[in-house]
Every structure is written in C-alpha cells, then in structure tokens.
Amino acid sequence: LCLVPLETIVFVNRFAMIFTGLEVIYFLASNLLVPFNLAKTAYRELAQVVEVYGLLALGMSLWNQLVLPVLFMCFWLVLFALQIYTYFSTRDQPTSRERLLFLFLT
C-alpha cells in the first residue's frame, strides 16, 4: 500500500467501510427474530411450570438454578461500579484518602 496513490487508498477504505457495514446489516437482519423466539420459548416454559406447580415452585426452581442469586450479584456489581465511577469523577474535590478504602470495604 506504500506505492499506491492516495486516491486509491481512500477508495479502498471507503469500499471496506461499505462492505463491513453491509455485513453488519446482513448479520442483524438474519438474526433479528432470535431474541423474540428465545423470549417466546422462555415464556411458554414458564407458563407451563406455573400452570403445573405454581409460583412458589417457579421461585424455588429459579433459585436452585442460580438465576436469582446471579441477578442480585449483577445488581450489586453495577452499584459498586457506579460508586467507583462517582469516586473517580469527583476526586478533584478535596476528599480524604480513606474514602476509597471505605468504599472498597463497603
């Protein structure tokens, strides 16, 4: 590419960008209904479990499959990341050094 004129490099770059964009659009279009089908299947299975065993059994099965604990863990990790972000975004203000240690201990 060092010996190619600048106009050719610009043309190759535009072609690559258009080709990549078309690939992304094709991938998104071909997998557009995958989340919908997954949600429909999950709803159908949940409806069957609730119909046969009830809501308590559904809650117990979700707890035993670690769905709810992972959800709680994700919530606390997001909250922790938000605390870290707010600490580092406001560190220009006069704060003590113990604040970061207190944040990690919390």
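Residues numbered from 1 in each chain as written. Predicted model: local features only at pLDDT ≥ 70, side-chain atom pairs only at ≥ 80, totals over all residues. Heavy atoms only, no water.

### Considering the UniProt feature "transmembrane region" (unreviewed entry) in the protein
For step 1, the next point in the chain: UniProt records the feature "transmembrane region" (unreviewed entry) at residues 15–34, 46–64 and 70–88, using the numbering of this structure.
For step 2, the next point in the chain: Annotation note: span residues 15–34, helix share 85%, strand share 0%, distance between end C-alpha atoms 30 Å.
For step 3, the next point in the chain: For the annotated span residues 70–88, helix accounts for 100% and strand for 0% of the residues, and the straight-line distance between the end C-alpha atoms is 27 Å. (UniProt positions renumbered as here; feature names shortened; annotations may be inferred. Helix = DSSP H or I, 4+ residues; strand = E, 2+ residues; numbered from the N terminus.)

### Some details on the packing of aromatic side chains
For step 1, the next point in the chain: Evaluation of the coordinates by the stated rule reveals 2 aromatic pairs.
For step 2, the next point in the chain: Between the aromatic rings of F15 and F19, the centroid separation amounts to 6.1 Å while the plane-to-plane angle is 15 degrees, which identifies the pairing as stacked. Note that F15 and F19 are positioned in helix α1 (residues 6–30) at a spacing of 4 residues, about one turn of the helix.
For step 3, the next point in the chain: Here F75 and W76 contribute two aromatic rings whose centre-to-centre distance is 5.0 Å and whose plane-to-plane angle is 70 degrees, an arrangement assigned as edge-to-face. (Phe/Tyr/Trp six-rings, centres within 6.5 Å; stacked < 30°, edge-to-face > 60°.)

### Details of a nonpolar patch on the surface
For step 1, the next point in the chain: Side chains of W63, F72, F75, W76, L79, L82 and Y85 sit close together on the surface and give an oily, nonpolar patch of about 820 Å² of accessible area.
For step 2, the next point in the chain: Examining the composition of the nonpolar patch, we find that 6 residues originate from one element, helix α4 (residues 67–89), more than from any other.
For step 3, the next point in the chain: As for its placement among the helices and strands, F75 is situated in helix α4. (Patch = residues over 30% accessible without salt bridge, like charges linked within 9 Å, V, L, I, M, F, W, Y side chains within 5 Å. Areas by Shrake-Rupley, 256 points an atom, 1.4 Å probe, with all protein chains shown as cover. Salt bridge = Lys/Arg side-chain N within 4 Å of Asp/Glu carboxyl O.)

### Overview of helix α2 (residues 34–53)
For step 1, the next point in the chain: Here α2 contains 20 residues, and its C-alpha end-to-end distance of 28 Å stays within 8% of the 28 Å for a straight helix at 1.5 Å per residue.
For step 2, the next point in the chain: Phi for G54, located one or two positions after α2, is positive at around 105 degrees. (Expected span 1.5 Å × (residues − 1).)

### Here we look at the confidence of the model for the protein
For step 1, the next point in the chain: Predicted confidence across the protein gives a mean pLDDT of 81, with 84% of residues reaching 70 or more.
For step 2, the next point in the chain: Mean pLDDT across the secondary structure elements of the protein bottoms out at helix α5 (residues 98–105), with 65, and peaks at α1, with 93. (pLDDT = per-residue confidence, 0-100.)

### Focus on the packing of α2 against helix α3 (residues 55–64)
For step 1, the next point in the chain: The N-to-C vectors of α2 and α3 enclose an angle of 125 degrees; their axes lie 7 Å apart at closest approach. Considering the angle they form, α2 stands oblique to α3. Between α2 and α3, the contacting residues are L46, V49, V50 and Y53 on the first element and L55, A57 and L58 on the second.
For step 2, the next point in the chain: In terms of residue class, the contact of α2 with α3 is made up of 7 nonpolar, no polar and no charged. (Axes fitted to C-alpha atoms, helices over the stretch in contact; angles between N-to-C directions. Parallel < 35°, antiparallel > 145°, perpendicular 65-115°, else oblique. Contact = heavy atoms within 4.5 Å. Nonpolar A, V, L, I, M, F, W, Y, C, P; charged D, E, K, R; others polar.)

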